[in-house]
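# Residue-level structure breakdown
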Amino acid sequence: MDWANLAQQLVNGLSLGAIYALIALGYTMVYGVLRFINFAHGEVFMVGSFAGLYFHRWLKPFCEGMPAPISAAVVLLASMGACALLGVVIEKLAYKPLRNRSRLTVLITAIGVSLLLAYSAQLLFGAAPKGFPQLIENQTISLGGEATVTTEQLVVLGVTALLLVALRFIVQKTRMGLAMRALSNNPTAASLMGVNTDRVISFTFALGSALAAAAGIFFAMLYQAIDPFMGTLPGIKAFVAAVLGGIGNITGAALGGVLIGLVETLVTAYSQNIGIPSGYRDAVAFVLLILILLFKPTGLLGKTEREKV
Amino acid sequence: MKRYLPHTLLAAGLAGAAILHFVSPQLDDYAVNILVLAGINVILAASLNLVNGHTGQFSLGHAGFMAAGAYASSIATLALAPLVAQAGQPAQHALFLAALLFGGLFASLCGLLVGIPSLRLRGDYLAIVTLGFGEIIRVVIQNTNALGGARGLEGIPAWTNLFWTWGTAVVCIYTIACLVNSTYGRGFIAVRDDEIAAESMGINTTKYKVIAFVIGAFFAGMAGGLYAHLITFIAPEGFNFLKSVDVVVMVILGGMGSTPGVVAAAILLTLLNELLRDFEQYRMIVFALLLILLMILRPQGLLGNFHKRPKAKP
């Protein structure tokens with residue numbers, strides 16, 4: 001057993017998992033308040049990384065002379081803001097007219113929104129992958145032995161942890177968070193208690209989309225290339241992560257994301273040893289999804305929801 | 001008289017397919033190609049409509065079953081074509097039919113494997129699982145060298161013609177129409193309209209869902225075989241998620257649960273695809289906007305429900 005290699009794979013898996021976790025949070029929060037899978041969430045993630053690319057260009061004169069971490073933070077916050085706005089606009093235009101319609105109707109609309117975003121991006125930015133600029137100076141730090149961690153990976157892990165703490169604070173300690181939890185628990189009762197459901201739903205979309213934008217920028221930082229269709233697969237894998245953690249459960253989504261990232265990286269790294277080519281990488285998440293739904297459909301931390309007639 | 005109507009229509013349809021085949025030498029190749037593609041899309045859309053429309057199980061993996069059928073039938077004809085090369089036309093036609101059926105059966109086997117575990121889920125979960133299975137089928141093909149891997153499979157004999165395509169389409173529509181008007185059809189519709197109520201009335205919902213799924217997969221597989229023997233080259237990329245979405249758009253545009261509407265939508269969208277060929281990059285944007293607007297303004301579909309009144313939603 002090559003321990004250094006294992007350590008390396010764990011570091012890589014963890015940083016990929018952090019990205020999945022950030023996307024999964026958006027799925028799970030929207031599912032919590034609206035009970036539907038926002039198929040377009042993966043595309044918001046894609047828009048987030050393009051926003052990062054363009055904000056980096058536009059804000060260059062403004063960020064002149066700033067230290068790199070600050071200008072990177074400016075780009076990150078600007079993209080998160082832009083995507084939060086995008087999320088709210090999508091919700092208002094496409095999903096709000098469909099409140100109380102069948103779930104299928106909303107799901108089909110979400111697929112439509114997802115295609116619209118991906119193909120509009122293709123029209124605007126071209127289909128070819130674009131290089132992503134280096135936002136912070138990247139150094140490789142040895143972990144002892146062969147294993148290394150890059151500063152970018154550390155930043156991704158650190159900022160993700162920060163965002164998770166901030167999210168936990170918002171959901172647990174603020175009035176808006178209380179309203180979100182109330183809505184998720186019982187929409188009718190919440191609105192009878194004076195919760196402004198429309199505002200809470202908009203806020204949830206804004207929050208989820210901002211996190212997806214952060215994930216988009218981190219993904220672009222680690223993989224250095226972005227394209228209009230980059231959102232589809234990570235989006236679906238993050239959804240699997242949300243289901244793994246128990247959809248609707250915020251801690252579960254973060255946990256599921258990290259697990260999916262780790263499992264996917266480890267399978268890719270070691271599957272050749274047992275005779276499976278690494279090309280099966282993209283199938284890992286789906287196989288996991290099917291296994292979860294067969295054996296524990298509520299996910300790791302989810303609670304059973306009884307269907308009322 | 002009414003009892004014999006479906007059979008008369010089947011015979012008329014098959015005769016129509018034969019006539020279409022015999023006039024095809026008069027048409028130019030481009031027109032024939034489009035007509036064949038329209039036929040294939042009709043099969044795909046009508047079979048997905050059985051699952052999505054009549055049974056109400058939203059599947060996003062139709063392209064996966066199409067791929068299974070396309071590869072199974074192509075492997076069969078590639079292996080056996082040299083044997084019938086001397087035997088002449090009838091043997092070749094027999095082989096083609098057998099290969100198409102083999103492709104269909106293989107796809108329905110895949111449908112059974114997918115259906116049994118996943119059809120216990122409902123709504124949005126099922127959509128994601130079927131999407132996942134479609135992708136798994138694609139990834140498996142991509143990593144199997146015997147199937148050409150990512151490079152694809154080439155040199156498939158060009159045996160698809162108007163008769164086989166529209167003949168299959170007619171049989172497909174006939175089968176689905178008979179099925180929907182039978183006891184099974186009542187079961188499908190009961191499952192769609194209210195699963196819990198259906199279950200409490202003693203309907204084995206999983207059984208009906210699996211039946212619809214397997215039959216849908218069978219015809220998707222046949223359509224895949226026809227497609228492979230039309231294009232003569234297949235690659236896993238051609239059967240990705242977007243192909244499934246194409247078929248979903250046809251079903252939704254036509255109106256879920258309305259066979260005439262879905263058939264019309266399949267033909268319309270095939271033609272539209274050809275007309276919009278010069279505006280390729282706008283095509284999907286138009287489709288996406290169409291989906292969103294349709295769901296907001298007219299969820300029963302553009303052409304659907306002209307034979308029945310829209311029912312009130314609770």
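Residues numbered from 1 in each chain as written. Chains lettered and ligands numbered in written order. Predicted model: local features only at pLDDT ≥ 70, side-chain atom pairs only at ≥ 80, totals over all residues.

### So, the overall build of chain A
If you tally the helices and strands in chain A, you get twelve helices and four strands. Against the globule reference of 19 Å for 309 residues, chain A gives a C-alpha radius of gyration of 19 Å, in line with a compact fold. With the principal axes as the frame, chain A shows a C-alpha extent of 60 × 50 × 40 Å. Relative to its 309 residues, chain A shows a buried fraction of 48%. (Helix = DSSP H or I, 4+ residues; strand = E, 2+ residues; numbered from the N terminus. Rg over C-alpha atoms; globule rule 2.2 N^0.38 Å. Buried ≥ 20, exposed ≤ 12 C-beta atoms within 10 Å, placed from the backbone.)

### Quick look at the overall build of chain B
Per the secondary structure count, chain B includes twelve helices and two strands. Order of helices (α) and strands (β) in chain B, N terminus to C terminus: α-α-α-α-α-β-α-α-α-α-β-α-α-α. On C-alpha atoms alone, chain B measures out to a radius of gyration of 19 Å, which is about the 20 Å that the 2.2 N^0.38 rule sets for 314 residues. Dimensions along the principal axes, computed over C-alpha positions, put chain B at roughly 60 × 45 × 45 Å. Here chain B holds 314 residues, and 50% of them are scored as buried. Taking contacts inside chain B between residues at least 6 apart in sequence as the whole, the part at least 24 apart equals 84%. (Contact = placed C-beta atoms within 7 Å.)

### A look at the nonpolar core
Counting 202 residues, the largest nonpolar core has Leu22, Cys83 and Ala214 of chain A together with Ala45 of chain B as its most contacted members. Of the residues forming this core, the biggest block, 16 residues, is contributed by helix H9 (residues 197–223) of chain A. Residues contacting Cys83 of chain A, with those up to four places away along its chain left out, are Val44, Val47, Gly48, Ala51, Ser209, Ala210, Ala212 and Ala213 of chain A. (Core = buried A, V, L, I, M, F, W, Y, C linked by C-beta atoms within 7 Å.)

### Considerations on unusual backbone geometry
Residues and elements named next belong to chain A. At Arg35, a position not held by glycine, the phi torsion is positive, near 60°. On the secondary structure map, Arg35 appears in the loop between helix H1 (3–34) and helix H2 (41–58). Of the residues examined, Arg35 has 16 C-beta atoms within 10 Å and is grouped as partly exposed. The phi dihedral of Asn100 is positive, around 70°, even though this residue is not glycine. In this fold, Asn100 is placed in the loop between helix H4 (68–95) and helix H5 (103–125).

### Quick look at the packing of helix H10 (residues 232–245) of chain A against helix H11 (residues 250–270) of chain A
All names here are of chain A. Two elements in contact, H10 and H11, have axes whose closest approach is 7 Å; the angle formed by their N-to-C orientations is 125°. Classified by the angle between their axes, H10 and H11 sit oblique to one another. Along this stretch, H10 crosses H11, giving a crossing that reads as right-handed. In this structure, H10 uses Lys237, Ala238, Val240, Ala241, Ala242, Leu244 and Gly245 to contact H11, whose residues at the interface are Gly252, Ala253, Leu255, Gly256, Gly257, Leu259 and Ile260. Within the contact of H10 with H11, the residues separate by chemical class into nine nonpolar, four polar and one charged. (Axes fitted to C-alpha atoms, helices over the stretch in contact; angles between N-to-C directions. Parallel < 35°, antiparallel > 145°, perpendicular 65-115°, else oblique. Left-handed = near helix turned anticlockwise from the far one by under 90°. Nonpolar A, V, L, I, M, F, W, Y, C, P; charged D, E, K, R; others polar.)

### Quick look at the interface of chain B and chain A
The interface of chain B with chain A comprises 29 residues on the first partner and 35 residues on the second. Elements that contribute at least two residues to the side of chain B that touches chain A include exactly helix H5 (123–142), helix H10 (241–254) and helix H12 (280–297) of chain B. Of the residues forming the side of chain B that touches chain A, the biggest block, eleven residues, is contributed by H5 of chain B. Each residue belonging to the side of chain B that touches chain A can be placed in one class, and the counts come to 22 nonpolar, five polar and two charged.

### Some points on the confidence of the model for chain B
Residues and elements named next belong to chain B. Looking at chain B, the pLDDT average stands at 86 and 95% of residues meet or exceed 70. Per-residue pLDDT, averaged within each element of chain B, yields its smallest value for helix H1 (residues 5–23) (81) and its largest for helix H9 (residues 205–231) (93). Predicted confidence is poor over residues 306–310, with pLDDT under 50, and the contacts of this stretch with residues over four places away or in other chains come to two contacts. (pLDDT = per-residue confidence, 0-100.)

### Details of helix H11 (residues 259–275) of chain B
For an α-helix, the turn length of 3.6 residues means that residues three or four places apart are oriented alike. All names here are of chain B. With 17 residues, H11 extends 24 Å between its outermost C-alpha atoms, agreeing within 8% with the 24 Å of an ideal straight helix rising 1.5 Å per residue. Of all the positions in H11, only Thr259, Gly261, Val262, Val263, Ala264, Ala265, Ala266, Ile267, Leu269 and Thr270 are classed as buried. The secondary structure elements touched by the buried residues of H11 are helix H2 (29–54), helix H6 (162–180) and H10. (Expected span 1.5 Å × (residues − 1).)

### Looking at the packing of H10 of chain B against H12 of chain B
Residues and elements named next belong to chain B. Remark: H10 packs on H12, axes separated minimally by 11 Å, with the N-to-C direction vectors making an angle of 40°. Judged by the inter-axis angle, H10 sits oblique to H12. Considering only the axes of H10 and H12, their crossing is left-handed. For the pair H10 and H12, the contacting residues are Val249, Ile252 and Leu253 in the first and Phe287, Leu290, Leu291 and Leu294 in the second. Residues of the contact of H10 with H12, tallied by class, amount to seven nonpolar, no polar and no charged.

### Some points on the environment of Leu112 of chain B
All names here are of chain B. Here Leu112 shows up in helix H4 (residues 89–118). A tally of 14 C-beta atoms within 10 Å means that Leu112 is categorised as partly exposed. A sequence separation of 103 residues divides Leu112 from Ile215, and the C-alpha atoms of the two residues are 9.4 Å apart.

### Observations concerning the environment of Gly225 of chain B
All names here are of chain B. Following the sequence through the fold, Gly225 ends up in helix H9. Exposure remark for Gly225: the 36 C-beta atoms within 10 Å place this residue in the buried category. If sequence neighbours within four positions are ignored, Gly225 has contacts with Gly69, Ala70, Ser73, Ala99, Leu100 and Gly103.

### Some thoughts on the environment of Asp278 of chain B
Residues and elements named next belong to chain B. Note that Asp278 resides in the loop between H11 and H12. Residue classification places Asp278 among the exposed positions, given that 7 C-beta atoms sit within 10 Å. Residues Asp278 and Val247, 31 residues apart in the sequence, show an inter-C-alpha distance of 21 Å.

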